[in-house]
Amino acid sequence: MRLAALLFAPAILMAQPSTSHHGVRLPGSFFAGNRARLLAELRKLGPGTVAVVKSMPEQARNGDSTHLYRQDSDFYYLTGVEEQEAVAILDADSDQPYRLLVRARNASREAYDGPRLGTEGALKAGADHAESFPGAEQSLKSAVQRARRVMLICNFDDDFRRKVIDWVLPQGSDNNHATYQRTLLDGRNLIGEMRLIKQPVEVEMLQRAVDVSIAGHLAAMRATARAVNEGEVAGAFEGTTRGLGARFLGYDTIAGAGRNSCILHYPFNDQVLEKGAVFLMDAGAEVGYYTADITRTWPVSGSFSKEQRALYDLVLKAQDAAIAVCRPGRKHHEGYDLAMRILSDGLVDLGILKGDKAEVYKGGTWSRFTLHGISHWLGLDVHDTGSYHREPGAKGGQRLLEPGMVLTVEPGLYIPKDAKEVDAKWLGIGVRLEDDILITPEGHRNLSEKLPRKPEAVEAIVKEGLRAKK
Ligand SMILES: [Mn+2]
């Protein structure tokens, strides 16, 4: 149903109750606007420039099963089309600037997999011209071979990429002069930079993904007291977000207690909960193709131990400092530098690192416990597109923040079980806090601020689950 019924919806569907987001999608005008911006860029490159955009290939799972299909984010951004095998051709010189090549209709396959767009659906989705494969293959080839410049936007389909490269730049010696006048361009940076600055409708969709994810996090916190296994906590998040309209997770849920809280991308979520441990959950739901990315850490028992609380307070202080410098004109990297200084100094105060604070910070030994950077762009992808460099070739992280950017702020501290140099009371505690921040003209808006971070508030939510148990 999603293809036929939802593809042609004129605007974000508002009929659902405010807490439910099943089937929401951005309006056709959003995708048309993105195509218009790309076409304007193609025109700047001169006549004879064509962009070829490829959908995500289907991914085998096992036997004759495939993974649930999710469109390539670049392809989606430009077309709104959720169908595999589709190819978009954008040609600024043509009186049909947007051509969409799609799978042919197939009644017996559609009985299994649901409706296909077909050429009729492609036209309704905004294409100026539509053709179906296999006949469309020849049109694609001639469009590529007629062009002087071909901009390829293809992230994950190697076979398609090789085919187009071979059409543009054939192998072997070729005295056909026209061959040498063809240029192949990679359009992914261009789309990546477009995607980096979010439009108001995208911010609205991100807020939906965040709100759904907040509900999931609260459910997971409350479920902890009744849970025996990490999987039950992860399941509370995933069931809640699915029920509120998230068809996908933005990434696999990371939900681990105790020693597992120290594994950054802990994938298993299947161990028995240690009663006195912290629980770290990094989980984000995807709504209308946009994803949240939120991390909270809470005590399994409902009360942080002294050591857990000390590390939690330190991470919270570092996160607050990093969020405070999320403002237009500040460097992306500034928050990291501030947060790491706070964490380094704090680790000395707690006796986990020893020595003079300035020397310890300079020496970088704190990185054994901080492990990762603290921010990435967020949008259609959990690690969204766009450069972190101020200009090509410049040092990473120097990019100045601008209104419309959305980034995470996520410092953490991890004291692994094997850190023999550290007092045993600290071992097996991992703490990370992560929020989703929109840069505004005035400063920033924390899209996930409704999910409590203050330790007392977090404890109170876990205890609500304990009371519900009785
Ligand atoms: Mn993240």
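All values derive from a computational prediction rather than experimental measurement.

Cut-offs used in this document
- Along each chain, residue indices are assigned from 1 in the same order as the chain's sequence is written.
- Residue-level local features of this predicted model are given only where pLDDT is at least 70; pairs of side-chain atoms are given and counted only at 80 or more, and the full residue set underlies all totals for whole chains, interfaces and linings.
- With hydrogens and water excluded, all non-hydrogen atoms of the structure serve as input to the side-chain values.
- Helical segments are the DSSP runs of H or I of at least four residues, strand segments are the runs of E of at least two, and each set is numbered from the N terminus.
- It is over C-alpha atoms that the radius of gyration is taken, and the globule rule equals 2.2 Å times the number of residues to the power 0.38.
- Throughout this description, buried means an accessible area under 20% of the type-specific maximum (1.4 Å probe, protein chains only), exposed means over 50%, and partly exposed covers the range between.
- Only heavy atoms enter the contact rule, under which two residues are in contact if any of them lie within 4.5 Å.
- The Shrake-Rupley method, run with a 1.4 Å probe sphere, supplies the accessible areas, and residue values consider only the shown protein chains as cover.
- The positive count covers Lys and Arg only, the negative count covers Asp and Glu only, and His and the chain ends enter neither.
- Where a charge lies is defined by one atom per residue type: Lys uses NZ, Arg uses CZ, Asp uses CG and Glu uses CD.
- Side-chain atoms within 4.5 Å link the members of a nonpolar core, which is a set of buried Ala, Val, Leu, Ile, Met, Phe, Trp, Tyr and Cys residues.
- All domain edges in this entry derive from an automatic or database-based domain assignment.
- By the criterion applied in these results, polar contacts are pairs of N or O atoms within 3.5 Å in which, for protein atoms, one can donate a hydrogen and the other can accept it, and in which residues neighboring in sequence qualify only through two side-chain atoms.
- Sodium, potassium and calcium take a 3.2 Å donor cutoff, other metals 2.8 Å, and in both cases only N, O and S atoms count; water is not among them, so sites may look incomplete.
- Strand pairing is defined by DSSP finding a minimum of two bridges between the two strands.
- Axis geometry follows a simple rule: fit a line to the C-alpha atoms, using only the stretch in contact for helices, then measure angles between N-to-C directions, giving values from 0 to 180 degrees.
- By buried area we mean how much accessible surface two parts lose on assembly, using a 1.4 Å probe and totalling the loss over both.
- Two helices cross in a left-handed way if the nearer one is turned anticlockwise from the farther one by less than a right angle. They cross in a right-handed way if the turn is clockwise.
- Under the grouping applied here, Gly and all other residues not named as nonpolar or charged are polar, the nonpolar ones being Ala, Val, Leu, Ile, Met, Phe, Trp, Tyr, Cys and Pro and the charged ones Asp, Glu, Lys and Arg.
- Each cavity reported here is a set of points on a 1 Å grid over the protein atoms alone in which a 1.4 Å probe fits but cannot get out, each pocket an open set with protein on both sides within 12 Å along at least five of seven lines, and each lining residue one with an atom within 4 Å of a point.
- Grid points are joined across faces, edges and corners, and a volume is the space filled by probe spheres set on the points.

**Student:** Help me out: how do you make sense of the overall build of the chain in this one?
**Tutor:** A tally of helices and strands in the chain yields 16 helices and 19 strands. For the chain, whose C-alpha radius of gyration is 25 Å, the value lies close to the compact-globule estimate of 23 Å for 470 residues. The dimensions of the chain, computed from C-alpha atoms along their principal axes, are 75 × 50 × 45 Å. By the burial criterion, 53% of the 470 residues in the chain qualify as buried. Excluding contacts between residues fewer than 6 apart, the proportion of contacts in the chain whose partners are at least 24 apart in sequence is 70%. For the chain, the exposed surface amounts to about 20500 Å²; the carbon and sulfur share of it is 53%. Positive and negative side-chain charges of the chain, numbering 60 and 61 respectively, have mean locations separated by a distance of 2 Å.

**Student:** Explanation requested: the nonpolar core in the structure shown.
**Tutor:** Membership of the largest hydrophobic core comes to 115 residues, with the highest contact counts inside it found for L38, L100, F279, Y290, W298, F369 and I415. For this core, the domains that each give at least three residues are domain 1 (2–194) and domain 2 (197–469). If you look at the next biggest cluster of nonpolar residues, it comprises 18 residues, including V50, L101, F133 and V168.

**Student:** Could you clarify how one ought to interpret the environment of S55 in this entry?
**Tutor:** Counting through the fold element by element, S55 comes out in the loop between β1 (49–54) and β2 (60–62). For S55, a relative accessible area of 2% corresponds to the buried category. Placed 101 residues apart in sequence, S55 and F156 show a C-alpha to C-alpha distance of 8.4 Å. Apart from residues lying up to four places away in sequence, S55 is in contact with Y69, Q71, D72, F75, E83, Q84, E85 and A86. For S55, the side chain forms a polar contact with the main-chain nitrogen of E85, separated by 3.2 Å.

**Student:** Before we go on, may I ask you to explain the coordination of the manganese ion in this structure?
**Tutor:** Coordination of the manganese ion by the protein involves D293 (OD), H376 (NE2), E410 (OE) and E434 (OE), with metal-donor separations of 2.1 to 2.3 Å. In primary sequence terms, the donor set of the manganese ion follows D-x82-H-x33-E-x23-E. Residue H376 is located in the loop between α15 (367–370) and β15 (406–409), and its partner E410 is located in the loop between β15 and β16 (412–415); the two are separated by 34 residues in the primary sequence. The pair H376 / E410 is uniform in exposure class, with both members buried.

**Student:** Can you walk me through the sheet that holds β15 in this structure?
**Tutor:** Sheets are built from strands paired through backbone hydrogen bonds, the pairs being either parallel or antiparallel. Reading across the sheet, the three strands line up as β15-β18-β19 and stay open at both edges, with antiparallel pairing between neighbours. This sheet does not close on itself; its edge strands, each paired only once, are β15 and β19 (444–446). Pairs of neighbouring strands in the sheet enclose a mean axial angle of 30°, with direction left out of account. Pairing analysis gives four bridges linking β15 to strand β18 (residues 435–439), with the strands arranged antiparallel.

**Student:** I keep staring at the domain arrangement of the chain and nothing clicks. Help me out?
**Tutor:** Looking at the chain, the domain boundaries give domain 1 (2–194) and domain 2 (197–469). On a C-alpha basis, the centroid separation for the pair domain 1 and domain 2 is 35 Å. Contacts between the two partners involve 25 residues from domain 1 and, on the opposite side, 25 residues from domain 2. Between domain 1 and domain 2, a total of about 2200 Å² is buried, with carbon and sulfur atoms accounting for 54% of that surface.

**Student:** I'm lost on the packing of helix α10 (residues 200–224) against helix α11 (residues 230–243) in this one. Help?
**Tutor:** The relative placement of two packed helices is expressed as an angle between their axes plus a distance between the axes. At their nearest, the axes of α10 and α11 sit 8 Å apart, and the two run at 145° to each other. The way α10 lies across α11 gives a crossing that is right-handed. Seen from α10, the contacting residues are V212, S213, A215, G216, H217, A219, A220, A223 and T224; seen from α11, they are V233, A236, F237, T240 and T241. Its residues assigned to classes, the contact of α10 with α11 shows eight nonpolar, six polar and no charged.

**Student:** I would appreciate a short explanation of the side chain of T253 in the present structure.
**Tutor:** With respect to the element layout, T253 can be found in the loop between β9 (248–249) and β10 (254–257). A distance of 2.7 Å separates the side chain of T253 from the side chain of E238, its partner in a polar contact.

**Student:** Please explain the layout of surface pockets as it appears in this structure.
**Tutor:** Where empty space is left in the structure can be found by rolling a water-sized probe over the atoms. Considering only enclosed or pocket space, the largest pocket measures out at about 850 Å³ in volume. Taken together, the elements giving at least two residues each to the lining of the largest pocket come down to α3 (73–79), α9 (188–196) and β9. When residues in the lining of the largest pocket are grouped by element, the largest group, five residues, is from α9. Here the residues of the lining of the largest pocket sort into 11 nonpolar, 13 polar and 10 charged. Two domains each donate at least three residues to the lining of the largest pocket, and these are domain 1 (2–194) and domain 2 (197–469).

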